[in-house]
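Structural overview
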Amino acid sequence: MTITLIRTVIMYVAILISVRLMGKRQISQLQTSELVVTLLISELAVMPIQQHDDPLWNGIIPMVVLVACEIVVSLLMLKSGKFRQAVCGSPIVVIENGKVLQHEMRRLRMSTEDLFEELRQAGAFALEDVAYAIIETNGKMSLLKKASEDYLTPKQAGVKANPEALEVVVVSDGKISQKSLELCGHNPAWLREQLKDQGAQLEDVFIMTARTDGKQRIIRKDLGKPGKGSR
């Protein structure tokens with residue numbers, strides 16, 4: 001049992017490192033080559049855990065080779081559009097100018113139920129609202145609504161919109177995020193000054209956010225009393 005636990009932990013760490021090396025997209029939307037590598041890694045990880053007579057290297061070395069292959073393939077796809085197309089395929093238009101392209105749906109083996117499910121997930125609940133629908137290489141649908149059915153922008157309405165401002169969490173449960181502070185153009189000295197102005201101690205802060213336009217908000221920890229928020 002102890003050997004199994006140790007092997008499981010080692011393989012868990014190895015998979016974490018492998019996925020981290022391959023990039024963040026493995027956590028969200030997979031391309032064809034990435035899906036293949038992810039499935040193979042999961043299979044390779046099981047064998048050393050179950051077969052105690054085999055050394056761990058029998059599982060780790062193939063994982064390293066797969067990660068290296070995926071990195072090489074990713075670099076080649078960056079350099080060559082034709083190579084990327086050969087590996088991942090091309091986006092396919094299934095609705096064009098409001099018309100459903102039935103031959104493309106048959107090519108994708110997509111049923112009408114699949115089409116309407118994808119449309120709903122993309123935010124379109126009526127076929128007549130859609131101008132273009134494209135199935136991307138990762139299998140997700142991109143959608144362009146008809147101008148008459150899309151949201152009205154401030155520019156179209158002729159009104160002045162508020163300047164864009166990024167809001168980030170600079171304190172989470174009493175811990176300072178240096179990276180978030182840098183992202184909004186501040187430093188720990190500024191943070192402590194803001195806390196002092198609000199009469200708050202760092203350890204008492206549950207969440208503090210800061211915006212690039214200079215605004216901030218503090219939510220104190222709930223200690224059994226109704227919480228208070230500030231500007």
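Residues numbered from 1 in each chain as written. Predicted model: local features only at pLDDT ≥ 70, side-chain atom pairs only at ≥ 80, totals over all residues. Heavy atoms only, no water.

**Considering the sheet that holds strand S3 (residues 130-135)**
Within the open sheet, the 4 strands sit side by side as S2-S1-S3-S4. Their pairing is antiparallel. The sheet is open, and its two borders are formed by strand S2 (99-100) and strand S4 (141-145), each paired with just one other strand. Alignment of strand S1 (residues 92-96) against S3, held across 4 bridges, turns out to be antiparallel. Bridge assignment links Ile92 to a residue of S3, and that residue is Ile135. (Pairing = 2+ DSSP bridges. Helix = DSSP H or I, 4+ residues; strand = E, 2+ residues; numbered from the N terminus.)

**Things to note about the nonpolar core**
If you look at the biggest cluster of nonpolar residues, it comprises 13 residues, and the most contacted ones within it are Val170, Val171, Trp190, Leu191, Leu195, Val205 and Met208. Put simply, the parts of the chain that give this core at least two residues each are strand S5 (167-172), helix H9 (188-198) and strand S7 (205-211). Once residues lying within four places of it in the same chain are set aside, the contact partners of Trp190 are Leu181, Met208, Ala210 and Gln216. (Core = buried A, V, L, I, M, F, W, Y, C linked by side-chain atoms within 4.5 Å. Buried < 20%, exposed > 50% of the residue type's maximum accessible area, 1.4 Å probe, protein only. Contact = heavy atoms within 4.5 Å.)

**With respect to the pattern of salt bridges**
Counted under the stated rule, the structure contains 3 salt bridges. We note a salt bridge from Lys221 to Asp173, for which the minimum N-O separation is 3.4 Å. Pair noted here: Lys221 is in the segment after strand S8 (216-220) and Asp173 is in the loop between S5 and strand S6 (175-176), with a separation of 48 residues, a long-range link. Put simply, Asp213 and Arg211 hold a salt bridge, and the shortest N to O gap is 2.6 Å. (Salt bridge = Lys/Arg side-chain N within 4 Å of Asp/Glu carboxyl O.)

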